[in-house]
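# Residue-level structural notes
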Amino acid sequence: MYRTHNCGALRMEHVGQEVTLSGWVQTVRDKGFMMWIDLRDRYGVTQLLFNEEVSSKELLEAARSVGREFVIKITGKVIERSSKNDKIPTGNIEIEVSQFEILNASQTPPFTIEDESDGGDDLRMKYRYLDIRRNPVKEKLMFRSKLALETRKHLIGTDFVEIETPFLIKSTPEGARDFVVPSRMNPGQFYALPQSPQTFKQILMVGGMDKYFQIVKCFRDEDLRADRQPEFTQIDCEMAFVTQEDILNTFEGLTKHLFKTMLDMDMEDFPRMDYDEAMSRYGSDKPDIRFGMEFVELTEEAKGKGFPVFDDAEMVVGICAPGQASEYSNKDIKKLTEWMQRPQIGVKGMINVKYNADGTIKSSVDKFYDEAQLKTWLAKFDAKPGDMLLILCGETDKTRKQLNELRLEMGNRMGLRDNSVFKPLWVVDFPLLEWDEDSNRFHAMHHPFTSPKKADVERMLNGDHETMKALRADAYDLVINGVEIGGGSIRIHDRALQEKNFKLLGFTDEEAEDQFGFLMGAFEYGAPPHGGIAFGFDRLCSVMNGTHSIRDFIAFPKNNQGRDVMIDAPSKIHDEQYDELYLKSTAAEKVVE
Ligand code: ASP
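Thresholds applied
Residues numbered from 1 in each chain as written. Predicted model: local features only at pLDDT ≥ 70, side-chain atom pairs only at ≥ 80, totals over all residues. Heavy atoms only, no water. Helix = DSSP H or I, 4+ residues; strand = E, 2+ residues; numbered from the N terminus. Contact = heavy atoms within 4.5 Å. Pairing = 2+ DSSP bridges. Axes fitted to C-alpha atoms, helices over the stretch in contact; angles between N-to-C directions. Patch = residues over 30% accessible without salt bridge, like charges linked within 9 Å, V, L, I, M, F, W, Y side chains within 5 Å. Areas by Shrake-Rupley, 256 points an atom, 1.4 Å probe, with all protein chains shown as cover. Salt bridge = Lys/Arg side-chain N within 4 Å of Asp/Glu carboxyl O. Lys, Arg positive; Asp, Glu negative; His and termini not counted. Charge placed at Lys NZ, Arg CZ, Asp CG, Glu CD. Buried < 20%, exposed > 50% of the residue type's maximum accessible area, 1.4 Å probe, protein only. Core = buried A, V, L, I, M, F, W, Y, C linked by side-chain atoms within 4.5 Å. Left-handed = near helix turned anticlockwise from the far one by under 90°. Nonpolar A, V, L, I, M, F, W, Y, C, P; charged D, E, K, R; others polar. Near = heavy atom within 4 Å. Polar contact = N/O pair within 3.5 Å; in protein donor to acceptor, adjacent residues only side chain to side chain.

Bringing the environment of Leu403 into the picture now. Mapped onto the fold, Leu403 is located in helix α13 (residues 396-413). Once the C-alpha coordinates of Leu403 and Thr360 are considered, the two residues, 43 residues apart in sequence, prove to be 26 Å apart. Setting aside chain neighbours within four positions, we find Leu403 in contact with Phe295, Val317, Gly318, Ile319, Leu390 and Leu392.

As structure tokens, this is what we get:
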């Protein structure tokens, strides 16, 4: 037997009992005639006491040979500790060891297995098994497991059915590149790994499954960032006979359940905001509404006063940073402006107006605007003495995007983005299509299966090019603290409308039929109205824990180059594999013959 208890279980009530424990050596403290070892496993840490009298000299000597991360098994008596440790649940007791066995030795680990490790990211990823022994990593993986369980409990408890869909599929265009897998049995042909189970879940609705969900891996060959991985997990859902309203309510219910059971938090009803409003108030379709500093447009007030920069601009828009007038010297403003001028954001300049605490007004455009004019600006922002306006101008969409970055940065600097506060928001009524100047064509804002709003169907079927730009979709995102947690839509379930959408997106009839004939075919056999949503599961884990890195919640994540540095993947394959998969020209030619 390896253990009677785990390393987190023993308390005062066990004093006097003989127990057996197994685990890893966390620390060794040697006082000569006495020695202590902290023994660790997933459940906690228990202090072991080796002393000459009880444990015998030989045993003490043997115990002396262990080092950090050795795996040992001990038997001994639970005794009360003379100096207690109230920081750990087992801190009142220790084990007086009478038997001891080394189950496996360990090399000295390349970094410390402590809550704060001295190991850098790459090192910890290479030795991920050691990293996982650390509390913060272990706890995150356990959080994830519980979040999945609570998701299943809630969804299955409300009549959803969990159904698996295939990983070897045909590519669905969802905006990213596919990972492809060569088919040995079908020379020269490839599967794609799913970017999402989108078409399958729609087919399940045609199949009458009514409420589907799946906690599922998705694969997208995109450039990586802290909150992106080439393979990631979604809570993927679809429902039949539903309106947008039904879906928002259902998944608001799921989200509330998860916050309640995981964080013991009661959430109020989620506010909703349409896309246009989000863009004009925050310059983002995923606004962080934990703090204000909303956009105020000054275009009318600012133009026509002889300041050429504003006069030439399509839009003049700014934010009011409360209490910041005295916090920013000219030098600080210059630095902030330089930060905004980096290529990632790319403003040309930035205007500031300081409403000093003593009531005086100082701006970087004093030459063009007198005090009375600046006062009308301040009034528009509802600014108070002590506040500072930061103003940008230029082409509308671009300027809003830039100001969004500034607002978020100011929110960070001013400590307004508190990670223990959660502010969900439904963003609704997204445009159906997005015109792309570069490729001179429409892109689906969500994906090609998204339905226009009922009121827009007629215009979509019969309208002209300009009309298409204004079509609205029954598409929605769930945003929490400025992070897109989920997104979905009501789907097209009618063949003619789906054909029209593919056409608008630049598919020829043949391409549409070739790629999605199966779906449009299914629509001809009694497809019910349906819609759904997918939550980014890794992201939900990280946001609920107040961090941005989804990697921490993935047992074996990839690095920024998309590599798994532990198993060293991706890797080369053997020549025979090339041949077998018809990837080499010689093999491919043979098949063609
Ligand atoms: N398949 C979509 C996505 O992955 C979600 C949805 O529309 O349900 O973003």
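Taken in spatial order, the five strands close into a barrel running β1-β2-β3-β5-β4, and their pairing is mixed. Across the sheet, the mean angle from the axis of one strand to that of its neighbour is 55°, orientation sign disregarded. In the sheet, strand β2 (residues 34-41) pairs with strand β3 (residues 44-51) via eight bridges, with the strands oriented antiparallel. Its bridge partner lying in β3, Met34 is registered against Asn51.

To continue, consider a negative patch on the surface. A surface patch of negative charge is lined by Glu114, Asp115, Glu116, Asp118 and Glu139. Take Asp118: it is sitting in the loop between β5 (93-104) and α3 (121-126). Note on Asp118: relative accessible area 56%, which makes it exposed.

Moving on, we come to the pattern of salt bridges. In total, this model carries 47 salt bridges according to the counting rule given. Among the ionic pairs, Lys217 bridges to Glu231, the shortest N-O distance being 2.9 Å. With Lys217 in strand β9 (residues 211-219) and Glu231 in strand β10 (residues 231-240), the pair connects residues that are 14 residues apart, well separated along the chain. Taking the relative accessible area as the measure of exposure, Lys217 reaches 32% and is therefore partly exposed. With its nearest N and O atoms 3.0 Å apart, the salt bridge here joins Glu524 to Arg495. Of this pair, Glu524 sits in the loop between α17 (509-522) and β22 (530-536) while Arg495 sits in helix α16 (residues 495-504), and the two are 29 residues apart along the sequence. Residue Glu524 is classed as exposed on the basis of its relative accessible area of 51%. What makes Arg495 buried here is its relative accessible area of 18%.

Formed by 37 residues in total, the largest nonpolar core has its most connected members in Leu147, Phe251 and Trp426. Membership of the second largest hydrophobic core comes to 33 residues, among which are Val206, Met273, Met468 and Phe507.

Before going further, it helps to spend a moment on the pairing of strand β17 (residues 424-428). The buried fraction of β17 is high, at five of five residues. Side-chain alternation along β17 places Pro424, Trp426 and Val428 on one buried face and Leu425 and Val427 on a second face that is also buried. Across three bridges, the pairing between strand β11 (residues 272-274) and β17 is parallel. If you follow Met273 over to β17, its bridge partner there is Val427.

With that out of the way, let us pick up the pairing of β9. Across the nine residues that make up β9, a large majority, eight, are buried. For strand β6 (residues 161-162) and β9, the ladder comprises two bridges, and the chain directions are parallel. Within the sheet, the bridge partner assigned to Val161 lies in β9 and is Tyr212. The pairing of β9 with β10 spans nine bridges and is classified as antiparallel. When the bridges of β10 are listed, Phe219 appears paired with Glu231.

Another aspect to go through is the packing of α16 against α17. Between α16 and α17, the least distance of the axes is 11 Å, while the angle of their chain directions is 145°. As α16 runs across α17, the sense of the crossing is right-handed. Taking contact as the criterion, the partners of Arg495, Gln498, Glu499, Phe502 and Lys503 in α16 are, on α17, Asp509, Ala512, Glu513, Phe516, Met520 and Gly521. For the contact of α16 with α17, a count of residues per class yields four nonpolar, two polar and five charged.

A cluster of nonpolar residues, Val180, Phe190, Ile573, Tyr578 and Leu583, forms a patch on the protein surface that exposes about 430 Å² of accessible area. Assignment of secondary structure puts Ile573 in the loop between α18 (537-544) and α19 (575-580). Accessibility expressed as a relative area gives 34% for Ile573, which makes it partly exposed.

As a structural note, the neighbourhood of the ligand is formed by 14 residues, with Gln198, Lys201, His446, His447 and Arg491 the closest of them. Lys201 has a polar side-chain atom sitting 2.6 Å from an oxygen atom of the ligand. Relative to its free-state accessible area of 270 Å², the ligand is covered by the protein chains to the extent of 91%. Listed by contribution, the elements that provide at least two residues to the shell around the ligand are α6 (198-206), β21 (483-490) and β22. Taken together, the residues of the shell around the ligand break down into two nonpolar, eight polar and four charged.

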